[in-house]
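A closer look at the structure
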There are 2 protein chains.
Amino acid sequence: MPEISQRGLRLPSSPIRRLAPLAAAARNRGLRVYGLNIGQPDLPTPEPFWNAVQNHPHGTLDYSPSPGFEPLRIKWAQDYQRYGVALSPANVIVTNGGSEAIAFALMATTDPGDEIIVAEPMYANYITYAQMAQVKVVPLACRVEDGYALPSDDALRAAVSERTRAIFVCNPSNPTGKLLRSDEWERIEALAHEKDLFVVSDEAYRDFRYDGSRPETALARTDLKNRVVVVDTVSKRWSACGARVGALVSENEGVLSVATKCAQARLSPPSLGQIGAEALFDLPESYYDEVRREYKARRDFLHNAIVSIAGVVCPMPEGAFYLMPRLPVENAEDFCRFMLERFSHDGATVMMAPGEGFYATPGAGRNTVRLAYVLDVADLEKSVECLQRGLDVYCGS
Amino acid sequence: MPEISQRGLRLPSSPIRRLAPLAAAARNRGLRVYGLNIGQPDLPTPEPFWNAVQNHPHGTLDYSPSPGFEPLRIKWAQDYQRYGVALSPANVIVTNGGSEAIAFALMATTDPGDEIIVAEPMYANYITYAQMAQVKVVPLACRVEDGYALPSDDALRAAVSERTRAIFVCNPSNPTGKLLRSDEWERIEALAHEKDLFVVSDEAYRDFRYDGSRPETALARTDLKNRVVVVDTVSKRWSACGARVGALVSENEGVLSVATKCAQARLSPPSLGQIGAEALFDLPESYYDEVRREYKARRDFLHNAIVSIAGVVCPMPEGAFYLMPRLPVENAEDFCRFMLERFSHDGATVMMAPGEGFYATPGAGRNTVRLAYVLDVADLEKSVECLQRGLDVYCGS
């Protein structure tokens, strides 16, 4: 029998999703499982999405053009005016969720054997996509004690080699919730100029900022202009993960040309998701205010509750909807498994994402987890109680 | 400014889609453009699809599980009973259209520098996906004069090297419409055993056979069992290209494991398309009979009309919905451009896919085009008249 490829065998399984079978087994035992493991918003997808899909005339569900339906691209481009950037539809290539925009960005900016530098902990799938693209991820270690701040300029420069092609930023950050401060942006800009790098800016959580600052895009940084490739998506912004509609947004003609060829290879992004998404760009500002208010209340509650647990260290996240605490355990994945396999409290348990999967450095982050506050405050309260009791039992045992 | 990657620059643009701007310009000049260039069925997507999507309760449009919604996987697996194969839902990984199943199959079966062998002309995107995966496509030249039959055993063996990992088959074939005869299947089986190869079987057009023979899957060939990776899709079968729902189907545990990891990286296939697709598996047999009757009438008309044009050579296709004629021109892409840029007849013109893009061998197929019979017979009649007049003018000029 022919052998499976080495690259296939080496691909990591998702740290967020590989505990799913244990959670299913726990549910089958009758437990309620509070899911803090996955960035799946619980807020409703806004009605205009559903109305657009459901009023769509029957007939043939065609491919869209490979770079997306033109009316959607027009609205998406115009939407960047919110962030002070004037774009045309040609700057927007609609993708199968933000995920595909990551893949296209790698295809356009790197060759096999090239390197990208990424602040660590990082969105786990950068590692998977880089492996698929034969690209090495060079992590910039950020410490929980430092609030996951960018390391020193020396550390930044030490990460760059002859093969470095791009720096990836995720702002606000998945998994830490950190916002890039303006001095950190300036250091990234300086590095990009000095070392001639692309800046791939993952802005999936752009609207989720809780410090009162305005949402921002890397495309507004005029010094970076043609270096920037934005990963955008409707998934989190509008609680529409299942639509699978994202976009690669750039002013770099070469990047757009490669992304277009990649888009042609997979023919079309999903038509129904695009039809729904187009209607969402017309939502009033109050929608975003309400969503921010809800997540901010959850963040405030969850952060306060989690740092009250003895031995837990967790910086206050300023954005996205994640916390990345260090727990008083040696192996957080083992603890996550314990919670699903051998623990319950009041007929419930908690599912978390082990932190190690968000690190490219082997062994790093083993005592951390990522928590998504995608439950309401009442359920978060029960989750934290459950987590605290679980830690007591686990650490005592 | 950083440079675009070499692999990005080298990616081909779609031969099917790169003439789209010329067609748009022709339409802007007021011409009707008969689109024979793209495999976009014109038949309506069946009502159960629309009803399932449009009756779906509002709320949060969640990710599906990475390998697809379980009820859909159950129905998809059961559907293989039609073809005499007993599968479980675990054998079905739902993908973003058949395209993504091709990418996953390459990831599981090949490493960079490996080779795949493919009968030529071939589905153009095999070439693009292989390039993205750093895999070499070794073509098996099939000649229009031989009805695009598989070449000799000597030619098959000559195509295999130490690095060959898989043979790709597309049955019925896009772009030629050819069905694999049973002696051709046996030769492929023998080769797969002798050289220890995977068989990636693209069955996007499985139900479209016009010779009275029953639809078949490579998974039913018990001699191949664990070597087979099927690329399946709802796109053509149910005229639902925009749903972007396909599947990788296999009994090979290693392939399924890699495909699952690839699926996790992109989180989820589109949820709405899956919700609609699930309802389609319950269609009665009469649906397929009617669809086949319609396409068969078109094939009969178009083949007869096209071989009546002086200098055109075209085997009778037995399946799919394509013809791949040789035209009496030197450069078919130039002729296709001529038709869009400089020709009209009765206020109309014809868009075709230049054949060269379906060849991995440089320069091969330059005098061929692919025609998709995705218009009704009345429009096909006008298309052929237009094509014939266009050839007269082009060849006379």
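Residues numbered from 1 in each chain as written. Chains lettered and ligands numbered in written order. Predicted model: local features only at pLDDT ≥ 70, side-chain atom pairs only at ≥ 80, totals over all residues.

Let's shift gears to the overall build of chain A. Check the secondary structure of chain A and you find 13 helices and 12 strands. For chain A, the C-alpha radius of gyration of 21 Å lies close to 21 Å, the compact-globule estimate for 397 residues. Counting only C-alpha atoms and orienting by the principal axes, one finds that chain A spans roughly 60 × 60 × 55 Å. Counting the 397 residues in chain A, one finds 56% classified as buried. (Helix = DSSP H or I, 4+ residues; strand = E, 2+ residues; numbered from the N terminus. Rg over C-alpha atoms; globule rule 2.2 N^0.38 Å. Buried ≥ 20, exposed ≤ 12 C-beta atoms within 10 Å, placed from the backbone.)

Let us now look at the interface of chain B and chain A. Each side of the interface is counted separately: chain B has 71 residues, and chain A has 71 residues. Secondary structure elements with two or more residues in the side of chain B that touches chain A: α1 (6-10), α3 (47-54), α5 (97-109), α6 (124-132), α9 (253-265) and α10 (271-280) of chain B. With seven residues, the top contributor of residues to the side of chain B that touches chain A is α9 of chain B. Of the residues contributing to the side of chain B that touches chain A, the split by class is 29 nonpolar, 29 polar and 13 charged. (Contact = placed C-beta atoms within 7 Å. Nonpolar A, V, L, I, M, F, W, Y, C, P; charged D, E, K, R; others polar.)

This paragraph deals with the domain arrangement of chain A. Residue and element names in this part refer to chain A. Each assigned domain of chain A is listed here: domain 1 (6-44 + 286-396) and domain 2 (58-280). Computed from C-alpha atoms alone, the centre-to-centre distance between domain 1 and domain 2 is 25 Å. Facing 38 residues of domain 1, the contacting portion of domain 2 comprises 31 residues. When residues of the side of domain 1 that touches domain 2 are traced back to their parent elements, those giving at least two are α1 (6-10), α11 (285-307) and β9 (322-323). (Domains from an automatic or database assignment.)

Below, the discussion takes up the nonpolar core. Counting residues in hydrophobic clusters, the biggest one holds 265 residues, and the most contacted among them are Ile167 and Val199 of chain A together with Ile167 and Val199 of chain B. Apart from the residues within four sequence positions on either side, Ile167 of chain A is in contact with Ile116, Ile117, Ile188, Leu191, Ala192, Leu197 and Val199 of chain A. (Core = buried A, V, L, I, M, F, W, Y, C linked by C-beta atoms within 7 Å.)

Residues and elements named next belong to chain A. Between its terminal C-alpha atoms helix α8 (residues 182-195) stretches 20 Å, which fits the 20 Å expected from 14 residues at 1.5 Å a residue. Listing the buried residues of α8 in full gives Ile188, Leu191 and Ala192. Angularly, the buried residues of α8 cover 100° about the axis, an arc narrow enough to put them on a single face. Along α8, exposed side chains directed more than 90 degrees from the buried face belong to Ser182, Asp183, His193 and Glu194. Taken together, the buried residues of α8 touch α7 (153-159), β5 (164-170) and β6 (198-202). (Expected span 1.5 Å × (residues − 1). Arc of directions from axis to C-beta.)

Time to look at α11 of chain A. Owing to its 3.6 residues per turn, the α-helix aligns residues three or four sequence positions apart on the same side. All names here are of chain A. Taking 1.5 Å as the rise per residue, α11 with 23 residues should run 33 Å; its terminal C-alpha atoms sit 33 Å apart, in good agreement. Where α11 is concerned, the buried positions are Val291, Tyr295, Arg298, Arg299, Leu302 and Ile306. Tucked into the core, α11 has its buried residues touching β9, β12 (369-372) and α13 (377-396).

With an axial shift of 0.0 Å and an RMSD of 0.0 Å, the rotation relating chain B to chain A amounts to 180°. Classification of the inter-copy transformation places it as that of a two-fold axis. For chain B, the residue whose C-alpha comes nearest the rotation axis is Gln54 of chain B, separated from it by 2.4 Å. Of all interface residues in chain B, 100% are interface residues in chain A too; the two copies therefore contact each other through one and the same surface. (Least-squares fit on C-alpha atoms with pLDDT ≥ 70 in both.)

In this section: unusual backbone geometry. Going from Glu120 of chain A to Pro121 of chain A, the amide bond is cis rather than trans, its omega being 5°. Checked against the element boundaries, Pro121 of chain A lands in the loop between β3 (115-120) and α6 (124-132). The omega torsion of the bond from Asn174 of chain B to Pro175 of chain B falls at 25°, within 30 degrees of zero and hence cis. With phi around 60°, Gln134 of chain B is a residue other than glycine that occupies positive phi space. Structurally, Gln134 of chain B is set in the loop between α6 and β4 (136-141). Unusually for a residue other than glycine, Leu267 of chain B sits at a positive phi of about 75°. Its place among the elements puts Leu267 of chain B in the loop between α9 and α10.

Time to look at the pairing of strand β8 (residues 246-250) of chain B. All names here are of chain B. Counted residue by residue, β8 has five buried out of five residues, so it is predominantly covered. Taking every second residue as pointing to the same face, both faces of β8 are buried, with Gly246, Leu248 and Ser250 on one and Ala247 and Val249 on the other. Both strand β2 (residues 92-95) and β8 contribute to a ladder of four bridges, which runs antiparallel. In the strand pairing of β8, Ile93 is matched with Leu248. Bridge analysis of strand β7 (residues 228-233) against β8 gives five bridges, and the strand direction is antiparallel. Its bridge partner being in β8, Asp232 is matched across the sheet by Ala247. (Pairing = 2+ DSSP bridges.)

Next up on the list: the sheet that holds strand β9 (residues 322-323) of chain B. All names here are of chain B. Pairing is antiparallel in the open sheet, where three strands are placed in the order β9-β12-β11. Because the sheet does not close on itself, it has two edges, and the strands there are β9 and β11 (353-354). Pairing between β11 and strand β12 (residues 369-372): two bridges, direction antiparallel. The partner of Ala353 across the bridge, within β12, is Arg370.

Another point: the sheet that holds strand β3 (residues 115-120) of chain B. Residue and element names in this part refer to chain B. Spatial strand order, β2-β8-β7-β6-β5-β3-β4: seven strands in an open sheet with mixed pairing. At either end of the open sheet lies a strand with only one pairing partner, and these are β2 and β4. Neighbour to neighbour, the strand axes of the sheet diverge by 25° on average, direction disregarded. Along the sheet face, helix α8 (residues 182-195) touches β5 (164-170) and β6 (198-202) and points at about 165° away from the line of β5. (Axes fitted to C-alpha atoms, helices over the stretch in contact; angles between N-to-C directions.)

This part covers the pairing of β5 of chain B. Residues and elements named next belong to chain B. In terms of residue burial, β5 counts as a mostly covered element, since seven of its seven residues are buried. Pairing of β3 with β5, which is carried by four bridges, proceeds in the parallel orientation. For Glu115, the partnering residue across the bridge sits in β5 and is Thr164. Both β5 and β6 contribute to a ladder of five bridges, which runs parallel. Paired with Ala166 across the two strands is Phe198, which belongs to β6. Between β5 and its parallel partner β6, the chain crosses via α8, and the hand of that crossover is right-handed. (Right-handed = clockwise from strand over helix to strand, strands pointing away.)

Residue and element names in this part refer to chain A. At a minimum axis separation of 10 Å, α11 and α13 run at an interaxial angle of 15°. One element, α11, and the other, α13, form an angle in the roughly parallel class. For the crossing formed where α11 meets α13, the hand is right-handed. Listed contacts from α13 to Ala297, Arg298, Phe301, Leu302, Ala305 and Ile306 of α11 are Val377, Leu380 and Val384. Residues of the contact of α11 with α13, tallied by class, amount to eight nonpolar, no polar and one charged. (Parallel < 35°, antiparallel > 145°, perpendicular 65-115°, else oblique. Left-handed = near helix turned anticlockwise from the far one by under 90°.)

This brings us to the environment of Phe343 of chain A. All names here are of chain A. The topology assignment puts Phe343 in the loop between α12 (332-341) and β10 (348-351). Residue classification places Phe343 among the buried residues on the basis of 22 C-beta atoms within 10 Å. As a C-alpha pair, Phe343 and Ala149 span 194 residues in sequence and 35 Å in three-dimensional space. Setting aside chain neighbours within four positions, we find Phe343 in contact with Phe338, Thr349, Gly390 and Val393.

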